[in-house]
Amino acid sequence: MKEKIHPNYVDCVITCSCGNIVKTRSAKPKINVEICSACHPFFSGKQKMIDAAGRVEKYRRRYAKKAAPKKAVAAETT
Ligand SMILES: [Zn+2]
């Protein structure tokens, strides 16, 4: 192997947001993931809310805020 061009291959701990921990080896010592083979619906066979961060909710809230003033204006003019 050529020297000084290869990344360090170290022990790695992958932590999932579901609490599952996978120990492996990688160029990074720590990896955080949101979904893993233990909690993904494909592997668990269970329907699960992947939208843990509430991204859809956030989007809906933001969209509602923007749509509301328009409605108010339309109501005033009619
Ligand atoms: Zn997981």
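Placed above this text is the structure.
Quick caveat, the model's predicted, so the values are computed rather than measured.

## Points about the sheet that holds strand 2 (residues 21–26)
With mixed pairing, three strands are arranged side by side in an open sheet as 2-1-3. Where the open sheet ends on each side, the last strands, each with one partner, are strand 2 and strand 3 (30–33). The sheet shows a mean angle of 25° between the axes of neighbouring strands, taken without regard to direction. Two elements, strand 1 (residues 10–16) and strand 2, share six bridges in a ladder whose sense is antiparallel.

## Some details on the pairing of strand 1
The turn linking strand 1 back onto strand 2 is made up of four residues, and Gly19 within it adopts a positive phi angle of 105°. As judged from the four bridges shared by strand 1 and strand 3, these two strands associate in the parallel manner. Looking at strand 3, one finds that Cys16 is bridged to Val33.

Conventions we followed
- Positions within a chain are numbered from 1, following the residues in the order the chain's sequence is written.
- Whole-chain, interface and lining totals are the exception, using all residues; otherwise, since this is a predicted model, local features are given only for residues with pLDDT of at least 70 and side-chain atom pairs are given and counted only at 80 or more.
- Paired strands are those between which DSSP finds at least two bridges.
- Secondary structure counts use DSSP, requiring at least four H or I residues in a row for a helix and at least two E residues in a row for a strand, with both numbered from the N terminus.
- Structural elements are reduced to axes, namely lines fitted to C-alpha atoms, with helices fitted over the stretch in contact, and the angle between N-to-C directions of any two is expressed from 0 to 180 degrees.

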